[in-house]
Amino acid sequence: MAATKLRLLQAIDTLYTQGPATHECYTRLVLECFRANNVDQAKKLQTHMDIHSYQPTDTFLQNRLLHLYAKSGEISHARNLFDKMPHRDIFSWNAMLSLYAKSGLVQDLRVFFDGMPSRDSVSYNTVISGFAKNGWAGKAVEAFVRMQNERFRPTEYTHVSVLNACTQLLDLRKGKQIHGRIVIGDYNLGDNAFIWNSLTDMYAKCGEIDRARWLFDRLPNKNVVSWNSMISGYLKNGQRRQCIDLFRKMQESGLKPDQVTVSSILNAYFQSGCIDEARELFNGIREKDKICWTTMMVGYTQNGKEDDALVLFSEMLKHVRPDSHTISSVVSSCAKLASLFHGQVIHGIALLMGINDDLLVSSAFVDMYCKCGVTSDAWAVFTAMPARSVVSWNAMIVGYAQNGQSLEALALYEKMLREDMRPDNITFVGVLSACIHAGLVDEGKRYFDSMSKLYGLIPTLDHFASMINLLGRSGSLDKAMELVTTMPHEPNSLIWSTVLSVSAKKGDVKHGEMAAKHLFELDPHNAAPYIMLSNMYAACGRWKDVASVRSLMKTKNVKKFAAYSWIEIDSEVHKFVADDRTHPDTKIIYEELDELIRKLKKVGFSPDTNLVLHDVGEDEKRDSISYHSEKLALAFGLIKKRHGPLRIIKNIRVCGDCHVFMKFASQITGRQIILRDSNRFHHFAEGKCSCNDYW
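Caption draft 1: Layout of the packing of helix H26 (residues 425-438) against helix H27 (residues 441-455). Relative to each other, H26 and H27 sit at 165°, their axes nearing to 9 Å. Relative to H27, the element H26 is oriented roughly antiparallel. At the point where H26 passes H27, the crossing takes the right-handed sense. Contacts between H26 and H27 involve Asn-425, Phe-428, Val-431, Leu-432 and Cys-435 on the former and, on the latter, Glu-443, Gly-444, Tyr-447, Phe-448, Ser-450, Met-451 and Tyr-455. For the contact of H26 with H27, the residue count by class is eight nonpolar, three polar and one charged.

See below:
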């Protein structure tokens, strides 16, 4: 090979030094460059030919050169050569088709194919495959029908491509028709593993898992692709146990799983909640690729183990370079934890890798910064994006709404429309949320109506819940209930939870009882509606009804979930529950909190013991409410972090007393306090909250 390259370079040097040569001489040297994998030198020669207006005159050489350009993806040179060819045959046209298909230029592929003076089976195979591989599955099926209408006989290669298109479309009817044509047409199905795999995959992903298994069990020569099709088919159809059982059978057969197999099995374990088994499988893989690492991290995040996902990412960096999918998935873990420190570290890694401008990655950072309560940083990322998708706009709009910047959210939505970006259902979730927290009833109605009238979007239960919330909070609970009874959807737990929440906020026991009754039937083991109804009764002093609800919970074995808060200090998360005495720094935490309470009382703060929903004495009520988890987290933060904002996360809605407490605390300490509860963000500063006491 080295001697060949040396001779080639000597010939090229002679060509350059002795002046112009024949067309064929140039062309043959270009061909030799391609054969020697010296593409750069071939480009230089082609440029030299263009300067001297040299084109190969021999049709065979022209087609050979065109084929090599197509094979190497050299679009500009191929187009130039094709346009100047005096004689084009079917091989020339097919070479260009192959180039367009390989380059993903499906629009050019379609136009070029339609403009061909004649076609053959190769032309159709190329265009059907090109459409199928580049997301134009419908066009691939149309081309297949056209191929038959023009009396060209499909090959095994054609059938594999069109079956894959049917799989993408989930078009079982068309897939069955093609299966029938294969059988009737005698395409030697018994010896073609590719067609068997495509049929198995098509039936599995279209929901006919039993037929897929029948084909799989009769495969003449099972390979990894076949097993993967069946395993992923079981997974897609929610049959996780069968998926895992088949994987074990695959191992018993002696066939080595590949990364696709492992990814499917890891997902099967995660959906089954078998995290330890998934990690055991993951640990047993000797050579892990990006897909394996990313799948494991996503599984941790989906199962509430975001900390483990971050630890795994740190381990991954020692072995494999992450890609945009990996970065975006681990950033979502930071967003769920509201871990600004780790999010900033990963942002730095993305910058060093040069993928910070990737659409997927930058959108994830916008979402992360918003969920950490730093909308200014989210905005900086958003404005620096070279291109934005509706996902990017949604992340920023929803982020503004959640952080109490409702007017900014609505202004950004209007800007989105001016830039001809079409909103989707998620966009309107953010827009309606902004209207709720700003109390903009008329605007909310207008935006809600525009979904169907202007954009053809069908409002979902999320949107109806938002409107019920908006109407109920504004005092129009009757109108909210009218919407519940007239909407086209059957009310679900989300709708009734919204009604119950609004009723509790307004002290409307009648509607609260009705909503709670529905929730007891829809989700009998969810503690939230029992607790909310009990709290409503307690607020009215109806202690017998409180006892009745608690007795019902005991009878149905409903477990109350624990309320907790956490705060991140120096990249370490500290978790607290109410009246927590387990932290190593418990003594100084309580001393700090008691001192803070004394200071707040001097400027007018008084604990709201009416919010203690137990029939106990006043002193007990005061002690009970003073040591809620978010207050303990705040005291710890004041001790350990002397400067900058304090970020606290709570897993349920913040109570009214703690909300007032945080406002006073921000005024006395001069510190910004950012509290994220299950409902929204609260930015406390100088005695005020961003929610304007409307949450």
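Caption draft 2: Representation of the pairing of strand S1 (residues 564-569) in the model. Among the six residues in S1, five count as buried, and that is most of the element. Connecting S1 to the next strand, strand S2 (residues 572-577), in antiparallel fashion are two residues, including Asp-570 with a positive phi near 50°. Inspection of the sheet shows S1 paired to strand S3 (residues 646-650) by three bridges, in the antiparallel sense. Residue pairing across strands places Ile-567 opposite Ile-648, the latter belonging to S3.

Caption draft 3: Structural context of the packing of helix H29 (residues 477-486) against helix H30 (residues 493-506). Running from N to C, H29 and H30 point in directions that differ by 170°, and their axes come no closer than 12 Å. By the criterion of interaxial angle, the relationship of H29 to H30 is roughly antiparallel. In this structure, H29 contributes Leu-477, Met-481 and Val-484 to the contact, and H30 contributes Ile-495, Trp-496, Val-499, Val-502 and Ser-503. Counted by class, the contact of H29 with H30 contains seven nonpolar, one polar and no charged residues.

Caption draft 4: Representation of the environment of Lys-249 within the structure. Residue position: Lys-249 is located in helix H15 (residues 240-252). The spacing of Lys-249 and Trp-227 is 22 residues in sequence and 9.9 Å in space, taken between C-alpha atoms. With residues near it in sequence (within four places) discarded, Lys-249 still touches Arg-213 and Trp-227.

Definitions and cut-offs
- Residues numbered from 1 in each chain as written.
- Predicted model: local features only at pLDDT ≥ 70, side-chain atom pairs only at ≥ 80, totals over all residues.
- Heavy atoms only, no water.
- Axes fitted to C-alpha atoms, helices over the stretch in contact; angles between N-to-C directions.
- Helix = DSSP H or I, 4+ residues; strand = E, 2+ residues; numbered from the N terminus.
- Parallel < 35°, antiparallel > 145°, perpendicular 65-115°, else oblique.
- Left-handed = near helix turned anticlockwise from the far one by under 90°.
- Contact = heavy atoms within 4.5 Å.
- Nonpolar A, V, L, I, M, F, W, Y, C, P; charged D, E, K, R; others polar.
- Buried < 20%, exposed > 50% of the residue type's maximum accessible area, 1.4 Å probe, protein only.
- Pairing = 2+ DSSP bridges.

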